[in-house]
Amino acid sequence: MPRTLSAAISLRAASAADSEILAQLPQGDVFEVLELAGGNAWGVARGPGLVGYIDAGALGDPA
């Protein structure tokens, strides 16, 4: 499900908060959510075209 980011957020390689940062996603970017678990969202960041994890709290309205 595509969601608009309500805040700028780091896209991480793993669900751990200290995992490698793959990209910085700006507020308003679209994130395609594939799975929600443990306060994290795993999916595809459309802007850079990368797969990773973000804090689910940064998810805004459906895009």
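Residues numbered from 1 in each chain as written. Predicted model: local features only at pLDDT ≥ 70, side-chain atom pairs only at ≥ 80, totals over all residues. Heavy atoms only, no water.

Caption draft 1: The arrangement of the side chain of Arg3 in detail. Of note, Arg3 is situated in strand β1 (residues 2-5). At 6.3 Å, Asp61 is the nearest oppositely charged side chain to Arg3, a buried residue that forms no salt bridge. Within the local environment of Arg3, its side chain forms a polar contact with the backbone oxygen of Gly60, the two atoms lying 2.6 Å apart. (Helix = DSSP H or I, 4+ residues; strand = E, 2+ residues; numbered from the N terminus. Buried < 20%, exposed > 50% of the residue type's maximum accessible area, 1.4 Å probe, protein only. Lys, Arg positive; Asp, Glu negative; His and termini not counted. Salt bridge = Lys/Arg side-chain N within 4 Å of Asp/Glu carboxyl O. Polar contact = N/O pair within 3.5 Å; in protein donor to acceptor, adjacent residues only side chain to side chain.)

Caption draft 2: Layout of the pairing of β1. Of the strand pairs in this sheet, β1 and strand β4 (residues 30-37) are connected by three bridges, and their pairing is antiparallel. Considered in β4, the bridge of Pro2 is made with Glu32. Where β1 lies against strand β7 (residues 59-62), two bridges are found, and the strand directions are antiparallel. Residue pairing in the sheet places Leu5 in a bridge with Leu59 of β7. (Pairing = 2+ DSSP bridges.)

Scope: geometric values only; no functional claims are made or implied.
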